[in-house]
Amino acid sequence: MSIPSFEDIITPNDQTEARKASLEAIGALVGNVYPNKFVRSSVSGVEDTITALKHFEKVADIEARMAEIKASLGEGERPPAEKKDALNEELKALGTVSIAGRLTTPTRGNFVHLTDGMSKLQVYCNKKGPLALIKNDGDGTVDAENGWALWQLLDHGDLIGVEGYLFVTNTGEVSVHVERLQFLTKAMLPMPDKMHGIADPELQRRFRYADLIASTLQVEHDGLTTREVFERRAKLVSGLRRFLDDAGFIEVETPMLTPKATGAAAKPFETHHNALDIPLYARVAPELYLKRLVVGGFEKVYELNRNFRNEGLSQRHNPEFTMLEFYVAYMDVNGMMDLAETMIKDAVAKANDGSLVVKYGENEIDFGKFERISMKAAIEKYAPGVPVDDLNVIAAFDEHVEDKLTQPTFVIDYPKSISPLSKASPDDSSIAERFELFINGMEVANGFSELNDPKEQYERFVDQMSERERGDEEAMVLDEDYIRALSYGMPPAAGIGIGIDRLVMLLTNKHSIRDVILFPHMRPERRAADDPDQIA
RNA sequence: GGUCCGAUAGCUCAGUCGGUAGAGCAAGUGGCUUUUAACCACUGGGUCGCAGGUUCGAGUCCUGCUCGGAUCACCA
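The sections below set out a description of the structure shown in this document.

Calculation criteria
Residues numbered from 1 in each chain as written. Chains lettered and ligands numbered in written order. Predicted model: local features only at pLDDT ≥ 70, side-chain atom pairs only at ≥ 80, totals over all residues. Heavy atoms only, no water. Phe/Tyr/Trp six-rings, centres within 6.5 Å; stacked < 30°, edge-to-face > 60°. Helix = DSSP H or I, 4+ residues; strand = E, 2+ residues; numbered from the N terminus. Buried < 20%, exposed > 50% of the residue type's maximum accessible area, 1.4 Å probe, protein only. Near = heavy atom within 4 Å. Polar contact = N/O pair within 3.5 Å; in protein donor to acceptor, adjacent residues only side chain to side chain. Nonpolar A, V, L, I, M, F, W, Y, C, P; charged D, E, K, R; others polar. Pairing = 2+ DSSP bridges. Salt bridge = Lys/Arg side-chain N within 4 Å of Asp/Glu carboxyl O. Contact = heavy atoms within 4.5 Å. Axes fitted to C-alpha atoms, helices over the stretch in contact; angles between N-to-C directions. Core = buried A, V, L, I, M, F, W, Y, C linked by side-chain atoms within 4.5 Å.

### Details of the packing of aromatic side chains
- Tallying each qualifying case throughout the model produces nine aromatic pairs.
- Both rings, one in Tyr-124 and one in Phe-167, keep their centres 5.8 Å apart while their planes meet at 55 degrees; by these two values the pair is tilted. On the criterion of sequence distance, the pair formed by Tyr-124 in strand S3 (residues 120–124) and Phe-167 in strand S6 (residues 159–168) is long-range, its members being 43 residues apart. The same class applies to Tyr-124 and to Phe-167, which are both buried.

### Re the protein's contact with RNA strand B
- Surrounding RNA strand B, one finds 46 residues, the nearest of these being Asp-14, Arg-78, Asn-110, Thr-171 and Ala-265.
- Put simply, 61% of the atoms of RNA strand B that lie within 4 Å of the protein are in sugar or phosphate.
- Asn-110 is positioned such that a nitrogen or oxygen atom in its side chain is 2.3 Å from a base oxygen of RNA strand B.
- Contributing elements (two or more residues each) for the surface near RNA strand B: helix H2 (14–30), S3, helix H7 (201–206) and strand S18 (431–439).
- Looking at the surface near RNA strand B residue by residue, the class counts come to twelve nonpolar, 13 polar and 21 charged.

### What about the sheet that holds strand S11 (residues 278–282)?
- Ordered by their spatial adjacency, three strands build an open sheet running S9-S11-S10, and the pairing between neighbours is antiparallel. Looking at strand neighbours, the two that pair on one side only are strand S9 (257–258) and strand S10 (270–273), the edges of this open sheet.
- Of the pairings in the sheet, the one linking S10 to S11 comprises four bridges and is antiparallel in character. Bridge pairing in S11 links His-272 to Pro-279.

### Regarding the environment of Thr-171
- Locating Thr-171 in the fold gives a position in the loop between S6 and strand S7 (174–185).
- Sequence separation between Thr-171 and Asp-8 is 163 residues, and the spatial gap between their C-alpha atoms is 47 Å.

### Quick notes on helix H16 (residues 500–508)
- When you tally the buried positions in H16, you get nine out of nine residues, the bulk of the element.
- Among the residues of H16, those classed as buried are Ile-500, Asp-501, Arg-502, Leu-503, Val-504, Met-505, Leu-506, Leu-507 and Thr-508.
- Just past H16, the residue Asn-509 takes up positive phi, approximately 55 degrees.

### A closer look at the pattern of salt bridges
- For the structure shown, the criterion picks out 33 salt bridges.
- For Glu-287, the salt bridge is made with Lys-291, and the minimal N-O distance between the two is 2.9 Å. Of this pair, Glu-287 and Lys-291 are both found in helix H10 (residues 287–296), four residues apart, which corresponds to roughly one turn of the helix. Per residue, the accessibility class of Glu-287 equals that of Lys-291, and both read buried.

### A few points about the sheet that holds S18
- The strand order across the open sheet formed by eight strands is S8-S12-S13-S20-S19-S18-S17-S16, and the pairing between neighbours is mixed. Each edge of the open sheet is held by one strand with a lone partner, namely strand S8 (250–251) and strand S16 (371–374).
- Across five bridges, the pairing between strand S19 (residues 442–449) and strand S20 (residues 493–499) is antiparallel. If you follow Gly-447 over to S20, its bridge partner there is Ile-496.
- Helix H11 (residues 333–351) contacts strand S13 (320–329), S16, strand S17 (409–415), S18, S19 and S20 of the sheet and is inclined by roughly 40 degrees relative to S20.
- Packed onto the sheet, helix H12 (residues 375–382) meets S16 and S17 and runs at close to 95 degrees relative to S16.

### Description of the nonpolar core
- Within the largest apolar cluster, 47 residues are counted, with the highest numbers of intra-cluster contacts made by Leu-324, Phe-326, Phe-367 and Ile-498.
- Per-element accounting of this core gives the leading share, ten residues, to H11.
- Dropping the residues within four chain positions of it, Phe-367 is found in contact with Ile-344, Lys-345, Val-348, Leu-356, Val-358, Pro-408, Ile-439, Leu-503, Leu-506 and Leu-507.
- Membership of the second largest hydrophobic core comes to 38 residues, among which are Ile-26, Val-112, Val-168 and Val-176.

So this is what it looks like as structure tokens:
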């Protein structure tokens, strides 16, 4: 196994060679081509990122007034000079702004947009000057002669800092008139296609950084940009956290590496701890740890983090996925459905601009109302005539019902036999007090009244172990310590696990889980040098 | 793992019946310099995923492989 050369990784071509030549020429002008910092101004009261400036009251006001002026004009007509000049006086009074960003277009003309990833701001350089460059010599030495020379050496995608004053152009766009230009970092690779971005889903996922750059460079796109997908994901996650924190929950972190992979029916990833010389398993669920904490007196507790399951990949399955699990003491399954519904509505509204309705493919999903239906009633409703008995109820449900549950639906009354951690219904001992939430045919959440009788839990584990011996690799493993914990007395409690990635898919109209995970698992890249077929 | 589809310039894509490898963007040179995705002119850029086969001749047809996507199976 040889160490790849730099050229193995960044294969030279006409594009990289041109950028390398540009970088050398820039170095001759500015010195260090990888300076350590650029101090942005704070005209807007906070550090002037491009986004902060765009949202700055004064700038927004000028833009609004210019929009009004433009609205009164005919097609192609330009704003009258005296009105423009008046706005420019106001902008100039703000003084010098210093902003930094990535060039969204080549510097062919005098105008180019800089982006901070979220917003764009136009900057203007005049060949006739005055246009200086700031050297990267640590002292900020100003070279009054070579600003334009530097400008001409810049490439699409380079990162620069500019100092100048704000003004509105003849066409009415707020821009920065650059007086001093500082080179910050070179983009050695060409930018993605400005019209289409990165179209190949493999490359989007493998080169997520470039896909994210494309989000802000791209001129047109259908639906949300990749950047917007992950902004929405962040809003959902923070919305869920805020809801739970405000409701008095405590957030905890329980082990990711566990001596037993249990708490869910799934195949684990196995690893080995050298010092202890024991096998460890990446957790398949935090469930049993969280309930130990309920025993310990954390009556409202949640964990929002990754689970790992060593199973096939699909549009809806990634080997690691994010789950929100929480438990509430003294609550039963019905209380949990109420709570989950309230929480999901709250978080969806926060992430979806206040609306509870989302478009998903051909469907419109309304988070405003959640149906509740028993598993058997659902089969009778969606697959009338299909015989239902305790043996085939799950198979019949999977086959005939699941994909018909488009609107948010709590399916209740699961067979106890497939719910080894949940309490039986007081009315029917073969039924578990359990629900699953389905939206668009996808299982989004799973919850139940938690079994807290240590003896019965032990027996359920023993049943699971005999399932394992019959070859069911996913049957749960007995956890002796959990039985001990329950023996201290766990209050009656309800718990739930919510698949965050799937919820994000619904909110972003994405049909593959890999589009809502920044770095989904892919087969490793193969270099030509590793490929025996390609070695001459 | 099965089936189907795909892989052509840095990016997005065309390539007809098997007959000299194409466009737009990006890049280079020169011009222009208050523009709103693409200003004007010229130029360079290809192991057509990899390997083999059929053929006088393969981007195109056949076989195998690699990678990806869709779908089924498996799986929450």
